[in-house]
Amino acid sequence: MERSQPRRQVAAMKQSLFDQGLLDEQFIQLEELSDDANPNFVEEIVTLYYRDSSRLISSIEQALKERHPLDFNKLDTLMHQFKGSSSSIGAKKVKAECTLFREYCRTGNAEGCMKSFQQLKKEYASLRKKLEAYFQLARQTGPMDSACRPK
C-alpha cells in the first residue's frame, strides 16, 4: 500500500506529459518493450536520444551560422534526421517543430528557420527536463507493473 501513492504520482506525471502535448503514442509503445530483464529500457533509449540529438542540434546551429545564403538542403537533411530521432521516442512537440522548420527550408525562409529552431530548442530542453524528473520519480518507485495508455 505504501508504494501506491508514488506510483500514482508517476502515472499522473506521465499523464501530464501527454496532456501538455509533449509525448505521443510512440512513448507508450517504447514502454511496452520494457521487461524484467530491462526495466529501464525507455530511460536508456531517451538518454541515447538526447546524447545523439545534441550532436544534430550543434550541426544545425553551425549550418545556420556558417553560410549566407543558407544551405536549405543541408538544413533539411539534418532536420529530417532530428525529426526521425524525435519521432522514435514520441517527442510530439519537438517533432511538430521539426516539421515546421523543414517547411521553412522548402520555401527558402531563413527567418522562419531561425525562429523555428529557437522554438525547437525550447521544446527540446523543456521535454528533457520533464522526462528527467519523470524517470527520477519512476526509479524511486521501482518497476511499474505494465505500461498504461494515457487517457
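Fair warning: this is a prediction, and the values are worked out from it, not measured in the lab.

1. Quick notes on the nonpolar core
Reasoning step 1: Membership of the largest hydrophobic core comes to 39 residues, with the highest contact counts inside it found for Phe27, Leu75, Phe82, Phe101 and Leu131.
Reasoning step 2: Of all the secondary-structure elements, those providing two or more residues to this core are helix H1 (4-19), helix H2 (25-32), helix H3 (41-66), helix H4 (72-89), helix H5 (92-107) and helix H6 (110-141).
Reasoning step 3: Here this core takes 10 residues from H6, the largest share from any one element.
Reasoning step 4: Excluding anything up to four places from it in sequence, phenylalanine 82 contacts Tyr49, Ser53, Leu56, Ile57, Val94, Cys98, Leu120 and Tyr124.

2. Some details on the UniProt feature "modified residue: Phosphohistidine" (unreviewed entry) in the protein chain
Reasoning step 1: The positions that UniProt labels "modified residue: Phosphohistidine" (unreviewed entry) are, in the present scheme, His80.
Reasoning step 2: Tracing the backbone shows histidine 80 in helix H4.

3. A few points about the pattern of salt bridges
Reasoning step 1: For the coordinates displayed, the defined rule picks out 10 salt bridges.
Reasoning step 2: Across the pair glutamate 66 and lysine 74 runs a salt bridge, and its minimum N-O distance is 3.2 Å.
Reasoning step 3: Using a relative accessible area of 40% as the deciding quantity, one classes glutamate 66 as partly exposed.

4. Digging into the packing of aromatic side chains
Reasoning step 1: In this structure the tally under the stated criterion is 10 aromatic pairs.
Reasoning step 2: With 4.8 Å between their ring centres and 75° between their planes, tyrosine 49 and tyrosine 50 make a pair best called edge-to-face.
Reasoning step 3: Tyrosine 50 gets classed as buried once you look at its relative accessible area, which sits at 4%.
Reasoning step 4: What links up through ring pairs into an aromatic cluster is the set Phe18, Phe27, Tyr134 and Phe135.

Parameters at a glance
- Residues numbered from 1 in each chain as written.
- Predicted model: local features only at pLDDT ≥ 70, side-chain atom pairs only at ≥ 80, totals over all residues.
- Heavy atoms only, no water.
- Core = buried A, V, L, I, M, F, W, Y, C linked by side-chain atoms within 4.5 Å.
- Buried < 20%, exposed > 50% of the residue type's maximum accessible area, 1.4 Å probe, protein only.
- Helix = DSSP H or I, 4+ residues; strand = E, 2+ residues; numbered from the N terminus.
- Contact = heavy atoms within 4.5 Å.
- UniProt positions renumbered as here; feature names shortened; annotations may be inferred.
- Salt bridge = Lys/Arg side-chain N within 4 Å of Asp/Glu carboxyl O.
- Phe/Tyr/Trp six-rings, centres within 6.5 Å; stacked < 30°, edge-to-face > 60°.

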